[in-house]
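Remarks on the overall topology
Now for the letters of each chain:
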Amino acid sequence: MPTVDKSVVNPDQDKVSLLIGGRVHSDWATYDVDSHLITPGDAWRVELAHPAGVLPAEVVEGAGVELRIGGETVLVGTIDDIDEEVAKGRDTLVMTGRDGAGILLACSAPVFVAKQATLEQVIANVVRPLGITKIKINADKTYTNEKVNVEPGDRAWNVLAHAAEANGLWPWFAPDGTLIVGGPDYTTPPVATLIMRLNGKGNNVLSLKRVRSMAERYSEVTVLGQTHGTSHEHGKNGIKGTAKDPAVTVYRPLVVVDHECESVAMAISRARKLLMDSRLHGITLTAKVRGHRTSDGVLWKPGQRIHVISEPHGIDAVFFLIGRRFSKSRTGGTCTVLTLKEDRVWTLDAHAHKRRHRRGKNQGPEDILDVGKG
């Protein structure tokens, strides 16, 4: 039966504290701190049993917070909810909140029209009025938008995500509160090795689960663009692109009509992106480890690459850390749950978003891309 290495974790280096209004609050009975690259709005929750006295004046809903672990900042955001319960034998304080994406998910974007706008200009117009001033774009090149039209009711996050996707990028927030617009970096070396051996020697995970799924996998994805057709007769547009996944051996086709694809190249790019997204759902590893750091003392963080060796699962490969959850419970102590995906599968391709569908010129015949070659 696999056993875990019972190496001692320094409790001080994993101590969670909240900095609110210049004052530090810690000694939480339980907490959860989530972070995920694809799911916006990193969330946190802390609970304090039997709080002493009344809450300080600075601890109010909407207040800015900085969440630290052992002195290192892991999240900058705001307080969403404060829950105070007093009952016989029970007196608790629970606070929850999110990082900078919280306000972008909740609020509408400023209404504006811009011509020949750069990605940086579009992002600034959307997020700066909502109090987000630290922005970093990690890209070799970006494109200029011919016209950007943000209408009343458009959510700020949706406008931001669409602008990023149009450049083959994706937005998330760094621990220090900086809005990052970029993509995965698969050139970084693995930060740690997770081990699960049958004899228990060197094991450093509490549990390791693998889920393999066919539910959202496709053998091929076909994207039809604009007013699609099978030929160029009668002025019909034949924009069509197909990507195939040889790893899916049963016939599982998906056809998507995307009016924003104006060329065969765009259709192929979109088909590949959708197929790689489906492959992302194919394998998920969930590992639970002690404490909140690697064996080298590095805090776990989405975007890291991790070597996994598991004899029970027959795994010896590098995986991509897509999400992690720091937690503390009354019975289980401090631990981290790591969500791992197949390495080099999460990909981003430029995909424009428009409100009006324009007719384009007739395109060439269908092209097929085999993702097994990418």
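Everything numeric here is computed off the predicted structure, so don't read it as measured data.

**Quick look at unusual backbone geometry**
Backbone geometry places Gln116, a non-glycine residue, at a positive phi of 50 degrees. If you trace the backbone, Gln116 turns up in strand S8 (residues 112-117).

**Details of the sheet that holds strand S11 (residues 170-173)**
One open sheet accounts for three strands, arranged S9-S12-S11; its pairing is mixed. The sheet is open, and its two edges are formed by strand S9 (135-137) and S11, each paired on a single side. Neighbouring strand axes in the sheet, compared pairwise and without regard to direction, differ in orientation by 20 degrees on average. Note that S11 and strand S12 (residues 179-182) share four bridges and pair antiparallel. Residue pairing for S12: Trp170 is matched across the bridge by Gly182. Of the strands in this sheet, S9 and S12 touch helix H2 (residues 119-127), which is tilted by about 155 degrees from S9. Here helix H3 (residues 156-165) sits on the sheet in contact with S11 and S12, set at roughly 130 degrees to S11.

**Focus on the packing of H2 against H3**
Direction vectors running N to C along H2 and H3 enclose 175 degrees, while the axes themselves pass 10 Å from each other. Here H2 is positioned roughly antiparallel relative to H3, judged by the angle of their axes. Contacts from Leu119, Val122, Ile123, Val126 and Val127 in H2 reach Ala156, Val159, Leu160, Ala163 and Ala164 in H3. Residue composition of the contact of H2 with H3, grouped by class: 10 nonpolar, no polar and no charged.

Reading guide: rules and limits
Residues numbered from 1 in each chain as written. Predicted model: local features only at pLDDT ≥ 70, side-chain atom pairs only at ≥ 80, totals over all residues. Heavy atoms only, no water. Helix = DSSP H or I, 4+ residues; strand = E, 2+ residues; numbered from the N terminus. Pairing = 2+ DSSP bridges. Axes fitted to C-alpha atoms, helices over the stretch in contact; angles between N-to-C directions. Contact = heavy atoms within 4.5 Å. Parallel < 35°, antiparallel > 145°, perpendicular 65-115°, else oblique. Nonpolar A, V, L, I, M, F, W, Y, C, P; charged D, E, K, R; others polar.

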